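# A look at the structure
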Amino acid sequence: GAGVSQSPSNKVTEKGKDVELRCDPISGHTALYWYRQSLGQGLEFLIYFQGNSAPDKSGLPSDRFSAERTGGSVSTLTIQRTQQEDSAVYLCASSLGTFTGQYFGPGTRLTVT
Amino acid sequence: AQKITQTQPGMFVQEKEAVTLDCTYDTSDQSYGLFWYKQPSSGEMIFLIYQGSYDEQNATEGRYSLNFQKARKSANLVISASQLGDSAMYFCAMRERVAYSGAGSYQLTFGKGTKLSVIP
């Protein structure tokens, strides 16, 4: 069956521009997660959705980051006024429930020049 | 303070031998979950195994087993009969509830990872 998909796979943008990253979870998965992985580092948790609701946004690195999820399915992560330190691979994962394994998408590699 | 500690930045194992990857965690929550993920050089994150804090039996999935010692707060991953394809980064992760707000809110924390290299 179809796994988690993310688009674009690669994004190069100029400093100061806004970018939008998209995640399409596995059908029927109610939980959706966004992470960031910088080069050679572990994963940094950004935000978690249960359905369309994100109870806690404190993992987002700054107020330039926002995320939404509509229809309990697709989620978008938006970064406004991108900075070079935003360069990373942004990973999305979904899971059937909150205490089950998360299945990851291939990631979006963001490069801010 | 680090919530997930993986003390082995790199490990080597001979093909067909077993290897244990260490993970210790820190939480004051009673209800939490522990996960292991594999990340090969291709970059994808592959879910391997899950252990719930209330599970009495150690989790097993094929050649993977999780040695869960709750009192010591450790959740080591054991890979039996290593294969060349097991060479990858391995991440230990913990999910714990941090606040109750309607559907609840969860904090997820990953360790820094262990790079496993399987030698033929």
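This text goes with the structure placed above it.
Below, the structure is looked at part by part.

Reading guide: rules and limits
Residues numbered from 1 in each chain as written. Chains lettered and ligands numbered in written order. Predicted model: local features only at pLDDT ≥ 70, side-chain atom pairs only at ≥ 80, totals over all residues. Heavy atoms only, no water. Pairing = 2+ DSSP bridges. Helix = DSSP H or I, 4+ residues; strand = E, 2+ residues; numbered from the N terminus. Axes fitted to C-alpha atoms, helices over the stretch in contact; angles between N-to-C directions. Phe/Tyr/Trp six-rings, centres within 6.5 Å; stacked < 30°, edge-to-face > 60°. Buried < 20%, exposed > 50% of the residue type's maximum accessible area, 1.4 Å probe, protein only. Lys NZ or Arg CZ within 6 Å of the ring centre and 35° of its normal. Disulfide = S-S within 2.5 Å. Core = buried A, V, L, I, M, F, W, Y, C linked by side-chain atoms within 4.5 Å. Contact = heavy atoms within 4.5 Å.

### A look at the sheet that holds strand β3 (residues 19–24) of chain A
Residues and elements named next belong to chain A. Within the open sheet, the four strands sit side by side as β1-β3-β7-β6. Their pairing is antiparallel. Each edge of the open sheet is held by one strand with a lone partner, namely β1 (5–7) and β6 (65–69). Across the sheet, the mean angle separating the axes of adjacent strands is 15 degrees when strand polarity is ignored. Pairing analysis gives five bridges linking β6 to strand β7 (residues 75–79), with the strands arranged antiparallel. When the bridges of β7 are listed, Arg69 appears paired with Ser75.

### Observations concerning the packing of aromatic side chains
By the definition in use, this model includes 14 aromatic pairs over all chains. For the pair Phe104 of chain A and Phe110 of chain B, a centre-to-centre distance of 6.5 Å together with 85 degrees between the ring planes defines the contact as edge-to-face. Of this pair, Phe104 of chain A sits in strand β9 (residues 103–104) while Phe110 of chain B is found in strand β11 (residues 105–110), placing the two residues in two different chains. Since its relative accessible area comes to 10%, Phe104 of chain A is described here as buried. Aromatic ring contacts, followed pair by pair, group Tyr33, Tyr35, Phe45, Tyr48, Tyr103 and Phe104 of chain A together with Phe35, Tyr37, Phe47, Tyr50 and Phe110 of chain B into a single cluster. In this arrangement the basic side chain of Arg63 of chain B is found over the ring face of Tyr64 of chain B, its NZ or CZ atom lying 5.7 Å from the centre.

### Regarding the pairing of β7 of chain A
Residue and element names in this part refer to chain A. By the criterion of burial, β7 is predominantly enclosed, with five of the five residues buried. Both faces of β7 are covered, namely the face carrying Ser75, Leu77 and Ile79 and the face carrying Thr76 and Thr78. Note that β3 and β7 share five bridges and pair antiparallel. Bridge pairing in β7 places Glu20 opposite Thr78. Count of turn residues in the β6/β7 antiparallel hairpin: five residues, of which Gly71 carries a positive phi of about 60 degrees.

### Notes on unusual backbone geometry
Across the junction of Ser7 of chain A and Pro8 of chain A, the peptide omega takes the value -10 degrees, indicating a cis bond. Relative to the helices and strands, Pro8 of chain A resides in the loop between β1 and β2 (10–13). If you check the backbone angles, Arg81 of chain A has positive phi at about 45 degrees while not being a glycine. Residue position: Arg81 of chain A is located in the loop between β7 and β8 (88–95). In this structure, Lys16 of chain B takes a positive phi of about 80 degrees despite not being glycine. Classification of Lys16 of chain B by relative accessible area gives exposed; the value is 68%.

### Quick word on the state of the cysteines
A covalent bond bridging the sulfur atoms of two cysteines is what the word disulfide describes. Under the defined criterion, the tally for this structure stands at two disulfides over all chains. Disulfide pairing is shown between Cys23 of chain A and Cys92 of chain A; the S-S distance is 1.8 Å. Since a negative S-S torsion denotes a left-handed disulfide, the Cys23 of chain A-Cys92 of chain A link at about -60 degrees is left-handed. Here Cys92 of chain A lies in strand β8 and Cys23 of chain A lies in strand β3, a separation of 69 residues in the sequence. The pair Cys23 of chain A / Cys92 of chain A is uniform in exposure class, with both members buried. The partner cysteine of Cys23 of chain B in its disulfide is Cys92 of chain B, sulfur to sulfur 2.0 Å.

### Thoughts on the nonpolar core
Among the nonpolar cores identified, the biggest contains 25 residues, and Leu21, Tyr25, Trp36, Ile49, Leu77, Tyr90 and Leu116 of chain B are the most heavily contacted of them. Residue assignment for this core shows that the elements contributing at least two residues are β2 (10–14), β3 (19–21), β5 (32–39), β6 (46–52), β8 (64–69), β9 (74–79), β10 (88–99) and β12 (114–119) of chain B. For this core, the leading source of residues is β10 of chain B, giving four residues. Setting aside residues no more than four positions away along its own chain, Tyr90 of chain B makes contact with Gln6, Leu21, Trp36, Tyr37, Lys38, Leu48, Leu77, Ile79, Gly113, Thr114 and Leu116 of chain B. With 21 residues, the next largest nonpolar core counts Val19, Phe49, Ile79 and Leu110 of chain A among its residues.

On their own, these measurements won't tell you what the molecule is for.
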